[in-house]
Structure formats: C-alpha cells, structure tokens
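The primary structure of each chain is shown beneath.
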Amino acid sequence: MGSSMARACANIALVKYWGKRDRNLNLPAGGSVSITLSSLQTTTRVTFDDGLRRDEMVLDGEPAAEGVRSRTGRFLDLVRTAAGTHRFALVESHNSFPTASGLASSASGFAALALAACRAAGMDPGWDGLAQLARRGSGSAPRSLLGGFVELMPGESPDGSDCLVRQVADPDYWDLRLLVVINGQSEKEVGSTEGMELTRLTSPFYGEWLRSGSADVDAALNAIVRRDFRSLGQVAETSCFRMHAVALSASPPLLYWNAVTVDAIHKVRALRKKGLEGYVTIDAGPHVKVLCRASDSEDLAREIREVPGVERVVIERPGPGAEVIE
Ligand code: DP6
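Residues numbered from 1 in each chain as written. Predicted model: local features only at pLDDT ≥ 70, side-chain atom pairs only at ≥ 80, totals over all residues. Heavy atoms only, no water.

1. Section: helix α3 (residues 126-137)
Moving on, step 1. Helix length check: α3, at twelve residues, gives a terminal C-alpha distance of 17 Å against a target of 16 Å (1.5 Å per residue), a fit within 8%.
Moving on, step 2. Taken as a whole, α3 has its buried residues at L130, A131, Q132, L133, A134, R135 and G137.
Moving on, step 3. Residues of α3 that are buried make contact with β3 (27-28), α1 (66-83), α2 (105-120) and β9 (164-169). (Helix = DSSP H or I, 4+ residues; strand = E, 2+ residues; numbered from the N terminus. Expected span 1.5 Å × (residues − 1). Buried < 20%, exposed > 50% of the residue type's maximum accessible area, 1.4 Å probe, protein only. Contact = heavy atoms within 4.5 Å.)

Here it is in structure tokens:
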C-alpha cells in the first residue's frame with residue numbers, strides 16, 4: 001500500500017487561458033501568466049489499496065459527487081498506466097475554500113492530486129512530468145505546481161511535450177496582493193471546459209482572441225521583470241475583458257457575471273480615479289479579483305466590502321508551489 005499527501009495553492013491567471021488546441025490531451029491553444037495564491041489551497045492524500053474495487057473519493061469530509069469521483073478516476077488511470085499498477089486508490093481531499101465557488105479549485109485540486117498520486121505510486125516524474133500530468137486533469141493546474149509568478153507555455157508539438165510551466169519570479173519578488181471578492185452566487189452555470197469548447201466552435205472572434213494573446217503574455221512578462229505594476233494591471237484587465245468578450249460572443253452566449261460583478265468592476269474603476277489603484281480580473285464565475293500593491297490592499301478591501309452583495313474580500317499574496325507533506 002502506498003500513501004502520500006500533497007498541498008497546492010489556487011492560482012489566478014493575469015493573462016487568461018481560454019481555448020484548447022487538443023481536447024484529448026487537454027493542450028491549451030495559448031499561453032497564460034498567473035499568480036499562485038497563498039491561502040486558498042487544496043490538501044490531498046492518495047492511498048493505493050489492494051482492497052478497493054474502484055477509486056473512492058472523499059471531498060471535504062463527504063463522499064464526492066459521482067462526476068467528480070469518475071473524473072478523478074480517469075486521471076488516476078494515467079498514473080496507473082505510467083506506474084504499471086492496477087490498484088485503485090482512496091483520494092481524500094480538503095479545500096480551504098468552498099469547492100464549487102469558481103475559485104479555481106480544479107487547478108489546486110489537480111496539482112495536489114498529481115503530486116500525491118505520483119508519490120503514492122512510487123514515481124518521481126520531475127516538475128515537467130508533473131506539469132504534463134496535472135494538465136490532463138485541468139489546463140490551469142500546472143501553474144499551481146509552482147509558486148509566485150508563473151508562465152504556462154502552450155508549445156507546438158502534437159504530443160504536448162513542449163507545453164511546460166516555468167516560474168517567472170518567486171513569491172517574495174514583488175509585494176503585490178490579489179483581493180478575492182466573493183459574492184453571493186456560487187454555482188457555475190457552464191464549466192470552463194465546456195465554455196471554452198463552445199467559444200472555439202461558435203465565436204467568430206475566437207481566432208483574434210488567440211492572436212492577441214501572445215502579445216499579452218509578452219507584455220505581462222515584461223511588466224513583471226520591470227516590476228511595473230500599472231502595466232501589469234492594464235494587461236491583466238485587457239486579457240480578462242477580451243476573454244469575457246469572446247465568451248459572450250459564443251452561441252449561446254456565455255455570461256459569467258452577475259450584477260455584483262459589474263458593481264465591483266465599477267467600484268474598482270472609481271477608486272482608481274481617486275488614486276487607489278487596483279485592476280480587475282474575473283474567471284469563469286461571478287467573483288472579481290483585484291490586483292493591487294500591498295500598501296493599498298487594506299484600503300481597497302475595505303472600500304470593496306461596501307459594495308452591496310459582496311460577502312467577503314480575502315486578501316491573498318503570492319504563494320508557494322505545491323509540495324509533498326507526507
Ligand atoms: C477562466 O483550467 O478550469 O480560469 O482545462 O478545461 O479544466 P480545463 O479548464 P480550466 O480553465 C481555466 C480558465 C480560466 C482562465 C485561466 O485560469 O487561465
């Protein structure tokens with residue numbers, strides 16, 4: 001029996017991934033740049049056990065829904081094939097944040113699962129191998145393997161061997177914060193996988209979205225290297241709004257925002273005019289995240305909490321990469 005426990009933090013993309021070049025291998029069509037967070041994290045134990053007749057999964061102390069259990073099982077099939085074993089596993093996973101809240105639980109989830117499952121199966125595929133594996137679970141998961149500021153390169157090779165992640169800067173490099181603004185609505189209507197496929201197949205602007213993305217990656221990397229906060233914030237907003245614009249141009253349209261999302265965007269823009277500088281980014285859900293300097297984070301959080309419908313504002317800092325705990 002092999003058992004291992006690993007931890008990984010959620011990450012938020014400043015330059016977004018929205019579209020796949022290969023659905024089977026789950027290869028992204030474009031590059032992305034993210035910040036790994038510090039306290040929104042997943043801890044997962046994987047135990048391979050001869051006594052099990054199928055993979056079992058416990059999520060936050062409850063048996064996982066069948067869809068989640070079988071997605072995890074399909075992922076473990078990849079580990080079993082690589083390790084040459086047929087044993088099923090018990091997966092016990094805990095999120096430090098609400099699971100279906102649209103707060104990137106699949107990224108931290110599959111990063112922690114990839115690491116724990118490989119160790120439990122007695123494998124050490126290295127970080128590149130882990131990134132290849134984690135990506136099969138979720139396209140944003142490889143970014144959660146590394147800490148701080150991270151780039152995911154889409155690569156060109158059909159087998160995905162050049163789709164890799166690299167750390168652009170470590171967590172202590174730059175004193176930035178991401179405010180995670182949690183508003184009422186929690187369930188995603190259309191998940192990322194389905195949403196990006198619908199966009200690819202039906203949006204007349206999909207090609208332009210991909211074409212403009214690589215300039216955004218370059219601009220973000222450049223801004224990080226120069227510690228140019230305003231440029232990084234501006235490119236993050238550009239990438240976010242273009243992603244939502246292309247999603248809205250799908251048929252049927254994908255609208256991930258609610259009224260509180262829009263009010264929070266307006267609030268951030270109004271505060272910026274007054275000199276409190278924050279930049280928004282939004283994923284496939286209603287929650288707004290705000291990139292800001294550490295010195296402005298408390299004031300911004302206090303102001304944004306005033307927006308009716310905002311439940312909570314969590315102040316996150318650049319956090320660590322995934323690690324084996326046991
Ligand atoms: C909007 O990684 O959840 O958060 O690869 O299909 O699992 P799959 O998608 P996922 O998509 C993340 C989309 C995003 C933008 C981003 O994180 O880059």
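Next, the rest of the story.
2. Observations concerning the site of the ligand
Moving on, step 1. Near the ligand there are 18 residues, and of these Y17, K20, G139, S140 and T193 occur at the shortest range.
Moving on, step 2. Within the backbone of G139, a nitrogen or oxygen atom sits 2.6 Å from an oxygen atom of the ligand.
Moving on, step 3. Side-chain polar atom of D283 to an oxygen atom of the ligand: 3.3 Å apart, as the coordinates give it.
Moving on, step 4. Within the complex, 93% of the 470 Å² of free accessible area of the ligand lies under protein.
Moving on, step 5. Among the elements that take part in the shell around the ligand, helix α4 (residues 192-202) stands out by supplying three residues, more than any other.
Moving on, step 6. For the shell around the ligand, the residue count by class is six nonpolar, seven polar and five charged.
Moving on, step 7. Two domains share the shell around the ligand, each providing at least three of its residues, namely domain 1 (3-173) and domain 2 (176-316). (Near = heavy atom within 4 Å. Polar contact = N/O pair within 3.5 Å; in protein donor to acceptor, adjacent residues only side chain to side chain. Areas by Shrake-Rupley, 256 points an atom, 1.4 Å probe, with all protein chains shown as cover. Nonpolar A, V, L, I, M, F, W, Y, C, P; charged D, E, K, R; others polar. Domains from an automatic or database assignment.)

3. A closer look at helix α5 (residues 206-225)
Side chains of residues three or four places apart in an α-helix project in the same direction, reflecting 3.6 residues per turn.
Moving on, step 1. Between its terminal C-alpha atoms α5 stretches 29 Å, which fits the 28 Å expected from 20 residues at 1.5 Å a residue.
Moving on, step 2. When the local axis directions of α5 are compared, the greatest deviation, roughly 25°, occurs at G213.
Moving on, step 3. Regarding α5, the residues found buried are Y206, W209, G213, D216, V217, A220, L221, A223 and I224.
Moving on, step 4. Positioned one or two residues after α5, R227 has a phi angle of 50°, which is positive. (Bend = angle between axes of the 7 residues up to and from the residue.)

4. Here's the deal with the packing of aromatic side chains
Moving on, step 1. Within the structure shown, the criterion is met by seven aromatic pairs.
Moving on, step 2. An angle of 70° between the planes, with centres 5.6 Å apart, marks the rings of F229 and Y279 as edge-to-face. Within this pair, whereas F229 is found in helix α6 (residues 229-248), its partner Y279 is found in strand β11 (residues 278-282), the two being separated by 50 residues in sequence.
Moving on, step 3. Classification of F229 as buried rests on a relative accessible area of 4%.
Moving on, step 4. Three or more aromatic residues link up through ring pairs in this structure, and these residues are F149, Y173 and W174.
Moving on, step 5. We note R227 situated over the ring of Y173; from NZ or CZ to the ring centre the distance is 3.9 Å. (Phe/Tyr/Trp six-rings, centres within 6.5 Å; stacked < 30°, edge-to-face > 60°. Lys NZ or Arg CZ within 6 Å of the ring centre and 35° of its normal.)

5. Observations regarding the domain arrangement of the chain
Moving on, step 1. The assigned domain composition of the chain is domain 1 (3-173) and domain 2 (176-316).
Moving on, step 2. The centre of domain 1, based on its C-alpha atoms, is set 23 Å off from the matching centre of domain 2.
Moving on, step 3. Domain 1 puts 30 residues into the contact, and the matching count from domain 2 is 45 residues.
Moving on, step 4. Scanning the region where domain 1 abuts domain 2 turns up two salt bridges.
Moving on, step 5. D283 is the partner of K16 in a salt bridge, and the nearest nitrogen-oxygen pair spans 2.6 Å.
Moving on, step 6. At the boundary of domain 1 and domain 2, one finds twelve residue pairs in polar contact (both at pLDDT 80 or more).
Moving on, step 7. Elements supplying a minimum of two residues to the side of domain 1 that touches domain 2: β1 (2-15), β4 (32-49), β8 (149-153) and β9.
Moving on, step 8. Class assignment of the residues belonging to the side of domain 1 that touches domain 2 gives a composition of 18 nonpolar, seven polar and five charged. (Salt bridge = Lys/Arg side-chain N within 4 Å of Asp/Glu carboxyl O.)

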